[in-house]
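Here's the letter readout for the chains.
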Amino acid sequence: AGHHIVNVLLHALAAWLLFWTLKRATGFLGRSFMVAALFALHPINVEPVVWVAELKTMLSMIFFLLALDGYRWYAAKPGIGRYCLVALLYALGLMAKSQIIMLPFVLLLWDYWPLQRMFPASSGVVAGTNELQPMPATRLVGLVVEKIPLFVLAILDAAVTLLVQGSNHPGAWPYSHVVRLENAIVSYVRYLGKALWPQWLSIYYPHPGDTLSVWQVAGAAALLLAITVVVLLAKNQRYLLVGWFWFLISLVPMSGVVHFGDQAMADRYAYQPLCGIFLLICWGVAEWSERSRFPVPALAGISVAVLTALTVLTYRQVNYWRDDITLWSHALQVSPDNSFTEERLAGDLKAVGRTAEAMQHLARAVSVEPTNAYDNLALAFYEHEQGNLQRALYYYRQAVRAPLLLSADKRQALSNMGHIYGKLGDSQHARQCFEAAENIPRD
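Note on numbering: residues in each chain are counted from 1, in written sequence order. In keeping with the predicted nature of the model, local features appear solely for residues at pLDDT of at least 70, side-chain atom pairs appear and are counted solely at 80 or more, and the whole-chain, interface and lining totals rest on all residues. No hydrogens and no water enter the side-chain calculation; it runs on all heavy atoms of the structure.

## Things to note about the packing of helix 10 (residues 214-233) against helix 11 (residues 238-250)
Working convention: axes come from line fits to C-alpha atoms, limited for helices to the stretch in contact. Angles between N-to-C directions cover 0 to 180 degrees. A helix here means a DSSP run of H or I that spans at least four residues, while a strand means a run of E at least two residues long, and both kinds are numbered starting from the N terminus. Contact geometry of helix 10 with helix 11 gives a least axis separation of 8 Å together with a crossing angle of 145°. Between helix 10 and helix 11 lies a crossing of left-handed hand. Contact residues: Leu-224, Ile-227, Thr-228, Val-231 and Leu-232 in helix 10; Leu-240, Leu-241, Trp-244, Phe-245 and Leu-248 in helix 11. Amino acids outside the nonpolar list (Ala, Val, Leu, Ile, Met, Phe, Trp, Tyr, Cys, Pro) and the charged list (Asp, Glu, Lys, Arg) are all regarded as polar, and Gly is one of them. Along the lines of polarity and charge, the residues of the contact of helix 10 with helix 11 split into nine nonpolar, one polar and no charged. By the definition used in this description, the sense in which the near helix is turned from the far one sets the handedness, with an anticlockwise turn below a right angle giving left-handed and a clockwise turn giving right-handed. By definition in these notes, contact holds between two residues if any of their heavy atoms fall within 4.5 Å.

## Some points on the side chain of Ser-60
Structurally, Ser-60 is set in helix 4 (residues 55-76). Polar contacts here mean pairs of N or O atoms no more than 3.5 Å apart (in protein, one a potential hydrogen donor and the other a potential acceptor; neighbouring residues in sequence count only if both atoms are side-chain atoms). Separated by 3.2 Å, the side chains of Ser-60 and Gln-99 make a polar contact. Sequence-distant contacts of Ser-60, that is, excluding residues within four places in its chain, are made with Gly-93, Ala-96, Lys-97, Gln-99 and Ile-100.

## What to know about the pattern of salt bridges
Each salt bridge in this description consists of a side-chain nitrogen of Lys or Arg and a carboxyl oxygen of Asp or Glu lying within 4 Å of one another. Taken as a whole, this structure holds 13 salt bridges when the rule is applied. Glu-383 is the salt-bridge partner of Arg-391, the closest N and O atoms lying 3.6 Å from each other. Judged by its relative accessible area of 44%, Arg-391 is partly exposed. Relative accessible area serves as the criterion here: at 8%, Glu-383 is assigned to the buried category. Because the salt bridges share partners, they merge into one network encompassing Glu-47, Glu-54, Lys-97 and Arg-268. Only protein chains enter the accessibility calculation, which uses a 1.4 Å probe; a residue whose area is less than 20% of its type maximum is buried, one above 50% is exposed, and one in between is partly exposed.

## Description of the environment of Val-296
Within the secondary structure, Val-296 sits in helix 13 (residues 296-319). The exposure class of Val-296 is exposed, given its relative accessible area of 64%. Taking C-alpha positions, Val-296 is 9.6 Å from Ala-286, a pair spaced 10 residues apart along the chain.

## Quick word on helix 9 (residues 177-196)
Given a rise of 1.5 Å per residue, 20 residues ought to cover 28 Å, and the 29 Å separating the end C-alpha atoms of helix 9 matches this to within 8%. Among all positions of helix 9, only Val-179, Arg-180, Asn-183, Ala-184, Val-186, Ser-187, Tyr-188, Tyr-191, Leu-192, Lys-194 and Ala-195 are buried. Buried residues in helix 9 make contact with strand 1 (205-206), helix 10, helix 11, strand 2 (263-265) and helix 12 (274-291). For a helix, the expected span equals 1.5 Å multiplied by the number of residues minus one.

In structure tokens:
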């Protein structure tokens with residue numbers, strides 16, 4: 001319980017820092033609070049908080065927000081000491097988790113709005129900053145050069161991350177760069193969908209591989225492009241551009257274009273990027289309500305209703321994490337017919353003595369991925385123990401034919417097949433199996 005309490009406290013701290021950073025940068029109390037409340041209560045953020053090992057996600061977010069607020073302090077009066085503090089906070093965040101690697105780009109967005117160091121408005125004030133005076137203006141080239149040390153940190157961190165990931169996951173990734181890019185485009189839209197309608201959240205989303213249709217990819221790309229054009233044309237509503245590009249840029253390292261896992265996406269990857277969407281929504285709704293003279297009490301009531309609904313959904317999402325069997329059973333409901341989830345659920349069921357159920361799920365895993373050597377071998381052992389010799393033979397054959405089966409395990413499988421054939425009175429096949437087992441070189 002102590003580990004979970006720590007995560008909850010860190011998440012609460014991250015939410016408070018998000019509120020504090022937005023409030024100090026824009027001058028708006030209510031909008032900043034609403035962004036932080038959406039971040040705190042949204043069910044998509046259950047995974048990094050409830051999953052104890054994801055403490056790193058919240059730590060990196062805390063340092064990200066501290067660096068963002070520290071940058072506002074630096075921009076007000078640039079100096080080497082203040083800059084070094086921003087760089088230190090960024091480095092600490094990267095040491096926690098590399099998901100905040102795009103901070104230098106977010107700082108450039110911050111220069112555009114709300115700090116207004118980049119392309120200051122002729123009137124001195126732009127929408128969404130509560131009439132705060134802009135920071136001293138700086139040329140675009142100067143703003144980019146200013147962040148070179150931060151870009152160097154980002155490049156070093158990316159190199160180390162790629163090196164470590166490569167050593168932990170040797171071998172070629174089965175999907176081409178085109179397939180990865182297609183999945184990334186569709187995943188961006190799926191993240192947006194889960195932010196706006198947080199249903200069917202899961203610990204695991206299987207990679208679609210090359211099964212995505214042209215229309216799915218083209219439709220997702222068209223939607224992303226259309227939103228980008230709209231925010232670029234809304235020049236006076238700078239918060240729209242900043243919120244949208246915060247989301248787009250921050251999600252790039254976790255988009256799947258660079259391979260770090262076999263999943264299509266993950267809820268924990270949205271922890272920091274979706275803050276941009278929350279900012280875009282809250283500022284956009286607030287500005288619209290002011291222009292249209294929408295009643296303030298009605299807007300407050302809608303906000304409370306939204307937060308209440310999110311709280312209910314989050315409570316339900318937390319319950320899916322109460323034990324491993326519930327967690328993976330729910331994942332299977334969200335994404336049926338995938339072998340990885342079936343395997344995980346089978347392992348958890350077997351661990352609590354529900355072996356028959358476990359084997360049913362393992363059989364489904366094999367039906368999805370027939371070449372999985374060790375799933376077939378586990379089923380063969382089980383059927384052999386149950387006395388179902390013909391079924392055991394079937395799974396032993398599948399295991400022996402499958403790649404990646406270690407020599408010792410292959411030898412054991414062939415030996416077991418020999419014994420089964422002997423019991424069935426088929427001495428010829430029994431002898432062939434024993435000879436094949438003996439011919440396998442020992443490690």
